[in-house]
Amino acid sequence: MAQCTDADLEAAEQACIRYDWPIRIREMLHAVSSDDTTDDDYPSLVIDFCGIHCENPFFLASSAVCTNYEMVARAFDAGWAGVFYKTICLQEIKEVSPRFDAVHSNGTHGDFYGFRNMEQLSENPVDTDFNILSRLKQNYPTKVVIASIMGQTEEQWIELASMAERAGCDAIELNFSCPQMRLAGMGSDVGQNPELVAIYTTVVKHAVKIPVIPKMTPNITHMIHPAMAANFGGADAISAINTIKSVTMDHQAEVAERRTVSGYSGRAVKPIALRFILEMAQSKLMKGLEISGIGGIETWRDALEFIQLGCSNVQVCTAVMQYGYRIIDDLTLGLQHYMALRGIEHVADMVGEELPSFVMPHDLDHNTVVFPIIDHDICVGCGRCEISCNDGGHQAIAFDQDTRRPRIIGKKCVGCHLCRLVCPTGAISTTRRVVNPKYK
């Protein structure tokens, strides 16, 4: 757009479909602030993961977004650094229809914050999938090709891992986490059993020379236990998290008038994923074990949060299903711009940088308080703050019905900030931290 002349922009305005008003492209363009960083100043996103050179930390997660050669090739062409190819197994896979459901905000279809998925593993013949992986590595030698596999016995794990190595894959992901496998002893059944995790990780490590990356299930109270078992078995890294077992009630998502439990993903699961990542990154027993973060990543800011908690690699699935491979542009350019503004030259310099700021709840400062403050120039007098504080808080907001102005009652306010979170206009902000009057 920067090279367009006014005549070009005027022609574009005339060509745009419009209704009862013109689309003022020139005014819109002039309103956009220019970038304060040139392309030449953008840092490289290169990072090593399990000793593998990656052009950036962004990979496709093992799922419906990477089920054949053409899909992955298009993703590579778009700028994705690598792929955890859809999980390969030796069992026959038969999928159901429909197999997806979404949880929308305020009934707005097309934009969902939660996604329920009943899809299992690759339906392709095993030889077909490994042929695809071999072709991908041959035709895209600078990209990272990782085979995700799932066996039911030690022999099957070894067979699949050996096939992956012969196909030229850079690494192997062990799927210990799929929540909807119809066969016992597979998927999350394994991920919930640290002993099996250790056994299968060990046999695969002994069978191949390439890195081995067990994938953890979130359908467990303490992920650290199977993760430690994987570490004991010689794992090179951990992938986390897979989808969370869930139930949705939409009749349109029923299969032959029946419902079931299946995996939940999307932006709604990100805080849960970050919690598991944090616990593993903080564990002294996990030192030296790299983490590939998964769960609700849609934007570069989401990816940054995983990186800052210790992930040197991130995987994306649901956002690609919703918006397509094109989100790689936001992921790469956004992260580069952020790094340029901070003067950071390497992605690796940000890995785990926020870990020191996390403490246990009992270590937090309980003696000070931050009170909210209301900007009446922005307040529209809707009264939501008073309703929430009165019915769900500490009854610390008085509301004048005549003037439509809320007022904070200092003696009652405890600084919980519920009012700030429900305010639709951002009229409520924070003051400086002070000693809590209750403890003076």
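Up top is the structure these notes are about.
Values in this document were obtained by computation on a predicted structure and should not be read as measured data.

Draft legend 1. Quick peek at the sheet that holds strand S6 (residues 112-117). The strand order across the open sheet built from four strands is S5-S6-S12-S11, with neighbouring strands paired in antiparallel fashion. Both edges of this open sheet fall to strand S5 (100-104) and strand S11 (244-246), since each of them pairs with a single strand only. For this sheet the average axis-to-axis angle between neighbouring strands, irrespective of direction, equals 35 degrees. Alignment of S6 against strand S12 (residues 262-265), held across three bridges, turns out to be antiparallel. Note that in S12 the partner of Asn 117 across the bridge is Gly 263.

Draft legend 2. Structural detail: empty space enclosed by the protein. One pass over the full model with this rule turns up three cavities of 30 Å³ or more. Taken as a whole, the largest cavity holds about 420 Å³ of empty space. Along the walls of the largest cavity sit 33 residues, with Ser 62, Ser 63, Asn 242, Thr 243 and Cys 317 positioned nearest its centre. Residue contributions to the lining of the largest cavity peak at three residues, all from helix H11 (residues 318-323). Per-class residue counts for the lining of the largest cavity are 15 nonpolar, 15 polar and three charged.

Draft legend 3. Region of the structure containing unusual backbone geometry. Between Ser 97 and the following residue, Pro 98, the backbone shows a cis peptide bond with an omega angle of -5 degrees. By the secondary structure assignment, Pro 98 is in the loop between strand S4 (82-88) and S5. The peptide bond linking Ala 240 to Ile 241 adopts the cis configuration, its omega dihedral lying at 5 degrees. In this structure, Cys 50 takes a positive phi of about 55 degrees despite not being glycine. Assignment of secondary structure puts Cys 50 in the loop between strand S1 (47-49) and strand S2 (52-54).

Thresholds applied
Residues numbered from 1 in each chain as written. Predicted model: local features only at pLDDT ≥ 70, side-chain atom pairs only at ≥ 80, totals over all residues. Heavy atoms only, no water. Pairing = 2+ DSSP bridges. Helix = DSSP H or I, 4+ residues; strand = E, 2+ residues; numbered from the N terminus. Axes fitted to C-alpha atoms, helices over the stretch in contact; angles between N-to-C directions. 1 Å grid on protein atoms, 1.4 Å probe; cavity = no way out; pocket = protein on both sides within 12 Å on 5 of 7 lines; lining within 4 Å. Points joined across faces, edges and corners; volume = space filled by probe spheres on them. Nonpolar A, V, L, I, M, F, W, Y, C, P; charged D, E, K, R; others polar.

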